[in-house]
Amino acid sequence: MNTRLKTTARAVRATLLAGAAIAAAGAAWPALAQQAPMATVEITGSAIKRLEAETSLPVQIITRAEIEKAGVTTAAELMTRIAANSGGLTDGASINVGGDQRGFNSANLRGIGTSSTLVLLNGRRMANFASPGDDSGVDLNNIPAAALQRVEVLLDGASSLYGTDAIGGVINFITRKDFQGLELNAYVLGTREGGAGKRTASIAAGTGDIARDGYNVFAVLDYQRTNSLSTSQRSFIPELQIEQRLGHLLSSFTSPANIRLTSAQRDHLQDIGFKINGKPITNRQINLSVPGCAPPANVYLPAGTGGVDACTYNYMGDTELFPKSEKASVLSRGVLRLDGGHQLYAEASLSRAKTHYVGSSARVTGYIDYRKVPQLANTGLDQLDDDIPGELEVRMRLNEAGRRTSELTSDGVRFVAGVTGVLGGWDYDVALNHSVNTVKDKDTHGYVLYNELLEGIADGRINPFGPSSPAGVALLNSIQVNDDVRHARGTMDSVDFKFSRALMPMAGGDLALAIGGEARRERTDFTPSALLLSDNINNDAAPEGGKPTSDKRNIAGVYGELLMPFAKQWEAQLSGRYDHYQVVGGAASPKAGVSYRPTSELLLRASAGRGFRAPSMTDLFRPTVYSQTATLPDPAYCATVDNNYSDCADNWDTRRYSNTKLKPERSRQLSLGAAFAPSRNLNLTLDYWNIKRTDLISEIGDDVILGNLEKYGKLVHRDEDGLIDYIELRKENRGAQLAKGLDLAINLSGVNTAVGRFGGRLNGTYVLTSKIQNSPGDAYVSNLNKFVTDSVVQRWRHTVSFDWDQGPLSASLSNTFYSGYDDQNSAINIDDGSVVAANKVKAYSLWDMSAAYAATSSLKLRVGVQNMFDKSPPYSNQAYFFISGYDPSYTDPRGRRFYANASYAFR
């Protein structure tokens, strides 16, 4: 067994041993009393109310108490505690310059895509994040975290109740429904090394008892502020040895500027004996300051992108790892009892998340006359047969303009109004839903006007090799961009209805029926600014097409569900849904579930269904995005230069396209599981899940395209010399995706001992298969425990916690674990052609602890430490994210953090 498998096996064994310990402890305490009769409730995944117990569909529930014990304050932080969530978008992963969908926090169940995970608020949809990009889904920043009562995660996809586009599953954030009194809450967090501190405050107020007064009105307000975290504030950044290991991922745009010579210029300077640092030049890239290079960000790194004759810029010494942000939300809900057992309700949710992204200072390719460089003034470069004799290309870093800073604001507005009750023996719920997400992306500093910048470089006012003149500094200040460059708005309006009732008695209970439907309209508006469309912002290119867009569509769906307890031990759940999307078309999606309870302690369950996911508005209408690959070889070019990667590998330009002709994806889901409850204190579940998607809406990874030019060569566009002009990344229906695995859950609660009451929980996901087929007939490419193109799906992930309480005191200890995996190994040093050595990313394990004291019935205090052992992100040579040296999609650079929380309730 290799080292990686041994490590994973040890982690799984340790987790199972911990689970076994929890299970054994629970089994040792039999039920002390019969449980009281339970009220019927509606559980995520079904429209029929029933006892709150295990059903034929696996549902993970996270209570408000668990959220408080974990010390998390946002929905995005909470998602890291769900083992089935893999590869969601986070603040750390969206740190980039000019990147796609900054500020978007998302969930991704099963690692099969944000667009295939349905996020609900109180069982209803919200408008998706409006900014167009590769992913479509609800921005978790729009979830009012302070108002949450619990979270229900349906781990079985293609729900006939909410929409069969939920292929990966459903996450239902459920807020408080009936609150009375006044509750104040304050939270403060600080990190051991500084940076990324957080302050939060919330207030909840409500009045009225529905049963007594006939109404209830409440509101919850929440404000959070998080400080930024810079690379200079973390000691683990130098320990990653990025300059030594990943010099090829750094930049050749430096200050003082590198000079990029033409072949003729280099040959001429070699012929006349021109030297740098006392040595003849060998490369086309030179820097007259070698080996000084103006540290610390600019370094002399012969193995870096600057090469032996120039400098290399280490942007990881001059950027932020975690953005500054301010998040505010308010949720208000009112319920009015009407005659006849009906209730009128209304809900309003407002949220704003403002995130400040700070990257490295801007880069620019400028051009100057060689005579303006004293060391080259007498070299006769104007006598050469170049396109513009005597012109030098300079690759410079605009330190004098400051670091590139963007401000992204995501606003969420949602209003729901409805009526519920009993009519003619039917439980009913009918509501209107208006939801809006607005995203404003603003360049605030460090971005300058491009044409004016080039003029300033060419005429000498801006000095590429040292401090500029006062006139140059004044020019940079005058051409700073402060503009809302992108404005996007997504709107969803819907009406939905739901009716359910018992039809007749059966051997195991009542035969129950639910029917419902939904009609909604989606609209997206994308408005780039006039300045952006002018294509005159340095480092922020205009979208292809150069115009605002506005698109909309109508969607309708109807569903039915039948609950059949045809024996005391047997229950079946049959459901079906038909959805129709304007232009795209429609499809019917059936689903069947069955459960068998051979004893009161054991439940066996299974479900199977089919679904489809219509292409999102982003898939269909997103403006073209310009980007670049990691440093990859072009096999066609390499064949002409004896596979010398220093000549035939580069960061190739890409163009990412949407596609108005996309068809829906099809899916089929299967789950088999068991739930075992040997006592009132202990519950164990084990579920097998299997998902297959066909007609997969995806782009082929740029690394996959270049690795198979015979099949995908038409996506590589070349110039007249045969060199790559750009690689076409287009959304298409192609191939298939397979994902299957096991979910394990152990829940122990209320175990009383002489030293207090104990409890424990374990939730783990063991992935058996995760792979994608890029085209029908192609071999599948697995990303299970292997970073491919843009992500990895770890084989094993878990969260485990242990709780204790006695009287007013309580404590909690928890662990979050991700198994190690094979790293991305595609990056190449274009100076010497060397390929990065293979790397195994180590497992990532974080321990948290908290303790609480209920000083009075009104005052509760909690203190805690997150990442107790100050675990740093494990080293990775991934080349996909802007951040280098580790994978920011699942790791946390903040290190050890201490927090304190105080809440006071007036009842």
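Residues numbered from 1 in each chain as written. Predicted model: local features only at pLDDT ≥ 70, side-chain atom pairs only at ≥ 80, totals over all residues. Heavy atoms only, no water.

Digging into the overall build of the protein
Consideration 1: When helices and strands are counted, the protein shows 15 helices and 48 strands.
Consideration 2: Computed over the C-alpha atoms, the radius of gyration of the protein is 30 Å, within 12% of the 29 Å expected from 2.2 N^0.38 for a compact globule of 907 residues.
Consideration 3: Along the three orthogonal principal directions, the C-alpha set of the protein runs to about 100 × 60 × 55 Å.
Consideration 4: Within the protein, contacts between residues at least 6 apart in sequence are counted, and of these 72% link residues at least 24 apart.
Consideration 5: Taken as a whole, the protein presents about 36000 Å² of accessible surface, with 54% of it coming from carbon and sulfur. (Helix = DSSP H or I, 4+ residues; strand = E, 2+ residues; numbered from the N terminus. Rg over C-alpha atoms; globule rule 2.2 N^0.38 Å. Contact = heavy atoms within 4.5 Å. Areas by Shrake-Rupley, 256 points an atom, 1.4 Å probe, with all protein chains shown as cover.)

Let's talk about the pairing of strand E47 (residues 859–866)
Consideration 1: Where strand E46 (residues 844–854) and E47 come together, 6 bridges link them in antiparallel fashion. The partner of Ala-854 across the bridge, within E47, is Lys-860.
Consideration 2: Counted between consecutive antiparallel strands, the loop separating E46 from E47 contains 4 residues. (Pairing = 2+ DSSP bridges.)

Remarks on the sheet that holds strand E3 (residues 59–63)
Consideration 1: If you walk across this open sheet you meet the 5 strands as E3-E6-E7-E4-E5, and the pairing is mixed. The sheet is open, and its two edges are formed by E3 and strand E5 (124–125), each paired on a single side.
Consideration 2: Bridge analysis of E3 against strand E6 (residues 148–154) gives 5 bridges, and the strand direction is antiparallel. The residue bridging Ile-62 from the neighbouring strand is Val-151, located in E6.

Re the sheet that holds strand E22 (residues 391–397)
Consideration 1: Judged by pairing direction, the sheet is antiparallel, and its 4 strands sit side by side in the order E15-E12-E22-E21 without closing on themselves. Lying at the two open borders of the sheet, with one neighbouring strand each, are strand E15 (285–286) and strand E21 (363–369).
Consideration 2: Bridge analysis of strand E12 (residues 258–260) against E15 gives 2 bridges, and the strand direction is antiparallel. Within the sheet, the bridge partner assigned to Arg-260 lies in E15 and is Gln-285.
Consideration 3: Sheet strands touched by helix H8 (residues 450–458): E21 and E22. Its angle to E21, the strand with the most contacts, is close to 40°. (Axes fitted to C-alpha atoms, helices over the stretch in contact; angles between N-to-C directions.)

Description of the packing of aromatic side chains
Consideration 1: Applying the stated criterion across every chain yields a total of 16 aromatic pairs.
Consideration 2: Between Tyr-581 and Phe-612 the ring centres are 5.9 Å apart and the planes differ by 85°, which places this aromatic pair in the edge-to-face class. Here Tyr-581, found in strand E28 (residues 570–581), pairs with Phe-612, found in strand E30 (residues 602–613); they are 31 residues apart in sequence, far enough to count as distant. Comparing Tyr-581 with Phe-612 shows no difference in burial state: the two are buried.
Consideration 3: Taken together, a centroid distance of 6.2 Å and an interplanar angle of 65° make the contact between Tyr-821 and Tyr-890 edge-to-face. Highlighted residues: Tyr-821 in strand E44 (residues 821–822) and Tyr-890 in the loop between E47 and strand E48 (897–906), separated in sequence by 69 residues.
Consideration 4: On the basis of relative accessible area, Tyr-890 is assigned to the buried category, the value being 14%.
Consideration 5: Taken together, Tyr-818, Tyr-821, Tyr-844 and Tyr-890 form an aromatic cluster joined through their ring pairs.
Consideration 6: Residue placement shows Arg-110 over the ring face of Trp-689; its charged tip is 4.0 Å from the ring centre. (Phe/Tyr/Trp six-rings, centres within 6.5 Å; stacked < 30°, edge-to-face > 60°. Buried < 20%, exposed > 50% of the residue type's maximum accessible area, 1.4 Å probe, protein only. Lys NZ or Arg CZ within 6 Å of the ring centre and 35° of its normal.)

Let's talk about the pattern of salt bridges
Consideration 1: According to the stated counting rule, one finds 49 salt bridges in the structure shown.
Consideration 2: Put simply, Asp-496 and Arg-124 hold a salt bridge, and the shortest N to O gap is 2.9 Å. Taken together, the residues span a long stretch of sequence, with Asp-496 in strand E25 (residues 483–506) and Arg-124 in strand E5 at a distance of 372 residues.
Consideration 3: Relative accessible area serves as the criterion here: at 14%, Asp-496 is assigned to the buried category.
Consideration 4: In this structure Arg-124 comes out as buried when scored by relative accessible area, which is 13%.
Consideration 5: Here Asp-411 makes a salt bridge to Arg-352, at a shortest N to O gap of 2.7 Å. Remark: Arg-352 occurs in strand E20 (residues 343–361) and Asp-411 occurs in strand E23 (residues 403–423); sequence separation between them is 59 residues.
Consideration 6: Accessibility expressed as a relative area gives 14% for Asp-411, which makes it buried. (Salt bridge = Lys/Arg side-chain N within 4 Å of Asp/Glu carboxyl O.)

Here we look at the side chain of Asp-619
Consideration 1: Within the element layout of this structure, Asp-619 appears in helix H11 (residues 617–621).
Consideration 2: Under the relative-accessibility criterion, Asp-619 is labelled buried at 2%.
Consideration 3: In terms of polar contacts, Asp-619 uses its side chain to reach the side chain of Arg-613, at 3.4 Å.
Consideration 4: Of the polar contacts made by the side chain of Asp-619, one reaches the backbone nitrogen of Ser-616; its length is 3.0 Å. (Polar contact = N/O pair within 3.5 Å; in protein donor to acceptor, adjacent residues only side chain to side chain.)

Nothing here speaks to function; it is geometry throughout.
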